[in-house]
Amino acid sequence: MNLKLNMLKNDFKRNRTGNIALLLFMTFAAGLIVAATIVVTGLFTSITGMYQTAKPPHFLQMHKGEINQETIDKFVSSYKGVTAWQTVPMIDVYGDDIKIIGDGSFRLSDSRLDISLVKQNKEYDLLLDKDRNIVQVKPGEIGIPVILLDSFKIKLGDKVVLTNNGVTKEFIVTMYVNDAQMNSTLCSSTRMLISDTDFNELFDKIGEKEYLIEVYFTDSSMASDFQTAYENTDLPQNGQAVTYTIIILLSALADIVMSLVLILVSMLLDMIALMCIKYTVMAALEEEIGEIGTMKAIGMSYIDIRNLYLTKYKMMVGTGIVIGFILARILSREFTKHVSKTFGNQPASFLSVVLPIASCLLVYLITIHYCKKILKKLKRVTVVDALVTGKGFSKKERVRDGLSRSMRLSVNLLLSVRETVLNFNGFMIVFLVMFIVSGIMIVPMNLLNTMKSKEFISYMGSSMDDILIEIDSGENLAKGHEALNNLLLQDTDINEFNEFKRVRVQTINSENELMNIHIDTGIHAGVELKYLLGKAPVQKNEIALSKLNADEIGKSIGDYILLRFRDKQAKFLISGIYQDVTSGGYTAKSINNFEGLEIEKYQYTINLMDNVNAKEKAVIWSEKLGGGFDILPMEEFINQTLGGVSRQIEVATTAVFVIGMILIALIVVLFMKLRLVKDVSQIAAMKAIGFTDNDIRKQYLYKIGMVSFIGICAGTFISNILGETIVSMAFGMMDLGITKVTFIINPFIAYLMVPLVLFIVTLVITWHSSRQIRDYNIFFLINE
């Protein structure tokens, strides 16, 4: 026992670099797995916890205008499986009507979200605080939804001045509220909480009335069938209809994307960590080959020697995992910050405690098993190999001549190229690390650039134009349409604009049941979209379907579908299938005007003349038209809609970049340590025949540089091919309406900056690690 302890102490002192590297690798491996586990577990438990308290509806129908509650009650009560329902009144106001006064003053006119004032409900669809307590506000107070805090700096104690229809009302911000169903920029609405007294006072005096018709079932999956049945009646439906699944998906999308990125990256980096652990162990064994031979010579068995090393690695692995667990607990707050902000603070639960610990135990068991497999190499080492020939663990390499075949290259470069080509397997660890790290850096960067690009609008069912305008649905839809048309026709700064209107028709789905289709109609409907199959409709009897609609109907391009509208039926040919994340992914396009059908909403896309500023023009139009219009430059529309998702990916991308750089530095240092130990005799021979220290250092720089360059190029190339496939599969599993993502790549970042930074870091670390060659004494090396 004392002998084992003394040997362990000596080993820790002698092999300090390798031990520290092993500790760091285990810290990374455990930390990444724990961080990914914490994020996924936190997301699941947070959604579950919030929804259990807030009780969002399984089916939601928004309606602007008057309602007849008796007819609603009669229909809903007769539907089998309904457990509860309620109608929630709201007061819709425009961002222009709301002024925030705090350190400065500003209006919410830039928000694309429809803003509604509500009072707290009795039992269902409840608004909560950050600790998931049901909140109430007093008269004169207001609760601001957390979703607005991403775009506006609204502080507790700020004054909110509401001015509408000649009425002015002041509130004080006393809390931030979490809304279980309207907490994402992908939703089109958000709710501000006021007291019952203030709500009753303002209900008939300002804004526009809107109602949320909310229904609950014994099984939330019944919502889709109920939606079809509801929409086939004359019940109120002047607004968007949403099901429970869509509510969850839209609310958690940003965090789901973050979780997928973390899981993918942690798996890849853990593979790298295991490869690095192998090199760490091999570096230690190569350096201690003499001691291993001595132990075998004095009669120690393979099991005794293995257990000696295994004890050390168990201690190092365990310590690294504990450190990684602690760091992951601390740093994961940055990754779960958005989850806590969106769904409220999650108290410690059984899953949140047990799963990270279980993941650490799994990492420990896998790593120790891997170390045992590596240490089996001790069986093959004989006393003669270790103490006489110094063969060690490396395979004997064939000597191949070839120096005389090329006199154009410098000797240092020629030797480096020769050894790299003939012994590429010896540099495989460097190649694989560069390959994987460059890939996991570039894929999130390409995804982030894609989602921030103006071209991503093609995945949102619209063409790539300068400005997007939507007219709020409701009683003033026709007036708003007329006012906007007059404004656009008179503006000489417009190059062209296209008008689209949305109508609803019926068709038969794959199960031979009636379903509703919401169609965007117009002369240019479907133009400039990216089609998975087919093309945009060009005839009045043609229709393009979103991917989710096509799947629901069970049809593809070239097939006919039967549309029912105005008490008649008409055959339409499916001309194309496209991707769309708006309206739950269920949309369609047609140039048929569908005269006589009720219009659900209008949308305009505008292209301006050259040198006309889109942001300034949007502000001018907003001031002229007033409330009831969402007028946004296309970049701003994408940013407000997908900004939350992009910010989460940005956090993950930054973390991946930093971790990747650290891993590259560590593996190059370790590789050089192992390589120099193995090449002692070669270095001695080269010094003996006249190679200087700088000559030998240059050769290692060339060898590592060439292999790194190949690995980085291969990783960059493959990431732009497989990366799209992986991201497309991830989006496809989420049923968002996107099944194929084509990266919009920034060549300067993806093809130049990232590879160049990786390459330069590798060269710098290699040159720095080769300094110890200067300390090698030729006579000592030859004697060894």
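No experiment lies behind these values; they were computed from the predicted model shown.

Some details on the overall build of the protein
Move 1: Within the protein, the regular secondary structure consists of 20 helices and 21 strands.
Move 2: With respect to the three principal axes, the spread of C-alpha positions in the protein is 100 × 60 × 55 Å.
Move 3: In the protein, which comprises 784 residues, the share counted as buried stands at 53%.
Move 4: Residue pairs at least 24 apart in sequence account for 82% of intrachain contacts in the protein once pairs closer than 6 positions are excluded.
Move 5: Of the accessible surface of the protein, which amounts to about 35200 Å², a share of 57% is contributed by carbon and sulfur atoms.
Move 6: Counting 78 positive and 80 negative side-chain charges, the protein places the centres of these two groups 14 Å from one another.

So, helix 18 (residues 693-733)
Move 1: A rise of 1.5 Å per residue sets the reference length of helix 18, with its 41 residues, at 60 Å; its end C-alpha atoms lie 56 Å apart and thus fit the reference within 8%.
Move 2: Ser719 marks where helix 18 bends most, by close to 35 degrees.

Side note on the nonpolar core
Within soluble globular proteins, side chains that are nonpolar generally end up buried alongside one another.
Move 1: Of all hydrophobic cores here, the largest spans 131 residues; its most connected members are Ile272 and Tyr309.
Move 2: Considering each element in turn, this core owes the most residues, 24 residues, to helix 6 (residues 244-287).
Move 3: Setting aside residues up to four positions removed in sequence, Tyr309 forms contacts with Leu285, Glu288, Ile292, Met295, Leu375 and Leu378.
Move 4: With 25 residues, the next largest nonpolar core counts Phe171, Val173, Ile206 and Tyr211 among its residues.

So, the pairing of strand 2 (residues 82-93)
Move 1: Sheet analysis places strand 2 next to strand 10 (residues 208-217), joined by 10 bridges and oriented antiparallel. The partner of Met90 across the bridge, within strand 10, is Glu210.
Move 2: With 3 bridges joining them, strand 2 and strand 5 (residues 114-118) adopt antiparallel strand pairing. By the bridge assignment, Val93 is partnered in strand 5 with Ile115.

Observations regarding the pattern of salt bridges
Where charged atoms of side chains with opposite charge meet at close range, the side chains can pair.
Move 1: As enumerated under the stated definition, the model contains 18 salt bridges in all.
Move 2: Two residues, Lys209 and Asp204, come together in a salt bridge whose shortest N-O distance is 3.1 Å.
Move 3: The class for Asp204 is exposed, based on a relative accessible area of 61%.
Move 4: Residues joined by salt bridges that share partners form a network here, namely Glu66, Asp204 and Lys209.

Remarks on unusual backbone geometry
Move 1: Its identity as a non-glycine residue notwithstanding, Arg132 has a phi of 65 degrees, on the positive side.
Move 2: Residue placement: Arg132 occurs in the loop between strand 5 and strand 6 (141-145).
Move 3: Of note, the phi angle at Glu528 is positive, near 70 degrees, even though the residue is not glycine.
Move 4: Following the sequence through the fold, Glu528 ends up in the loop between strand 14 (514-521) and strand 15 (531-534).

Topic: helix 9 (residues 350-375)
Move 1: When the terminal C-alpha atoms of helix 9 are compared, their 37 Å separation across 26 residues agrees well with the 38 Å that a helix rising 1.5 Å per residue should span.
Move 2: All of the buried residues along helix 9 are Ser352, Pro356, Ser359, Cys360, Val363, Thr367, Ile368, Cys371, Ile374 and Leu375.

Considering the packing of aromatic side chains
Move 1: Counted under the stated rule, the structure contains 20 aromatic pairs.
Move 2: Ring geometry for Tyr51 and Tyr244: centres 5.9 Å apart, planes at 70 degrees, overall edge-to-face. Placement of the pair is Tyr51 in helix 2 (residues 16-54) and Tyr244 in helix 6, with a sequence separation of 193 residues.
Move 3: For Tyr51, a relative accessible area of 6% puts it in the buried group.

A few points about the sheet that holds strand 5
Move 1: Overall, mixed pairing links the 11 strands, which are arranged 4-3-7-8-6-9-5-2-10-1-11 in an open sheet. The open sheet has two edge strands with one neighbour each: strand 4 (105-107) and strand 11 (241-243). Mean inter-strand twist for the sheet, computed between neighbouring axes without regard to direction, equals 30 degrees.
Move 2: Direction of pairing for strand 3 (residues 98-101) relative to strand 7 (residues 159-164): antiparallel, over a ladder of 4 bridges.

Looking at a negative patch on the surface
Move 1: Together, Asp225, Glu511, Glu513 and Glu552 line one region of the surface with negative charge.
Move 2: When you line up the elements, Glu513 lands in the loop between strand 13 (494-508) and strand 14.
Move 3: Given the relative accessible area of 36%, Glu513 is considered partly exposed.

Concerning a nonpolar patch on the surface
Move 1: Residues Phe44, Phe350, Leu351, Val353, Val354, Leu355 and Ile357 make up a contiguous nonpolar surface patch of roughly 630 Å² in combined accessible area.
Move 2: At 6 residues, helix 9 tops the list of elements feeding residues into the nonpolar patch.
Move 3: Tracing the sequence through the fold places Val354 in helix 9.

A few points about the packing of helix 6 against helix 9
Move 1: The contact between helix 6 and helix 9 brings their axes to 10 Å, and the two run at 40 degrees. Between helix 6 and helix 9, the angle falls in the class oblique. As helix 6 runs across helix 9, the sense of the crossing is right-handed. Packed against helix 6, whose contacting residues are Leu274, Ile277, Lys278, Val281, Met282 and Leu285, the element helix 9 presents Ile366, Thr367, Tyr370, Cys371, Ile374 and Leu375 at the interface.
Move 2: Grouping the amino acids of the contact of helix 6 with helix 9 by side-chain chemistry returns 10 nonpolar, 1 polar and 1 charged.

Overview of the environment of Gln240
Move 1: As for its position among the elements, Gln240 is in the loop between helix 5 (223-231) and strand 11.
Move 2: In this structure Gln240 comes out as partly exposed when scored by relative accessible area, which is 34%.
Move 3: Placed 52 residues apart in sequence, Gln240 and Ser188 show a C-alpha to C-alpha distance of 9.1 Å.
Move 4: Non-local contacts of Gln240, meaning those with residues more than four positions away in its chain, are made with Leu60, Gln61, Met62 and Ser583.

Points about the side chain of Gln181
Move 1: Tracing the backbone shows Gln181 in the loop between strand 8 (167-177) and strand 9 (189-194).
Move 2: Overall, Gln181 belongs to the buried group, its relative accessible area being 3%.
Move 3: A polar atom in the side chain of Gln181 sits 2.8 Å from the side chain of Asp125.
Move 4: If we skip the residues at most four places from it in the chain, Gln181 touches Pro56, Pro57, Leu60, Asp125, Cys187, Arg191, Leu212, Glu214, Ile247 and Ser251.

Cut-offs and rules
Residues numbered from 1 in each chain as written. Predicted model: local features only at pLDDT ≥ 70, side-chain atom pairs only at ≥ 80, totals over all residues. Heavy atoms only, no water. Helix = DSSP H or I, 4+ residues; strand = E, 2+ residues; numbered from the N terminus. Buried < 20%, exposed > 50% of the residue type's maximum accessible area, 1.4 Å probe, protein only. Contact = heavy atoms within 4.5 Å. Areas by Shrake-Rupley, 256 points an atom, 1.4 Å probe, with all protein chains shown as cover. Lys, Arg positive; Asp, Glu negative; His and termini not counted. Charge placed at Lys NZ, Arg CZ, Asp CG, Glu CD. Expected span 1.5 Å × (residues − 1). Bend = angle between axes of the 7 residues up to and from the residue. Core = buried A, V, L, I, M, F, W, Y, C linked by side-chain atoms within 4.5 Å. Pairing = 2+ DSSP bridges. Salt bridge = Lys/Arg side-chain N within 4 Å of Asp/Glu carboxyl O. Phe/Tyr/Trp six-rings, centres within 6.5 Å; stacked < 30°, edge-to-face > 60°. Axes fitted to C-alpha atoms, helices over the stretch in contact; angles between N-to-C directions. Patch = residues over 30% accessible without salt bridge, like charges linked within 9 Å, V, L, I, M, F, W, Y side chains within 5 Å. Parallel < 35°, antiparallel > 145°, perpendicular 65-115°, else oblique. Left-handed = near helix turned anticlockwise from the far one by under 90°. Nonpolar A, V, L, I, M, F, W, Y, C, P; charged D, E, K, R; others polar. Polar contact = N/O pair within 3.5 Å; in protein donor to acceptor, adjacent residues only side chain to side chain.

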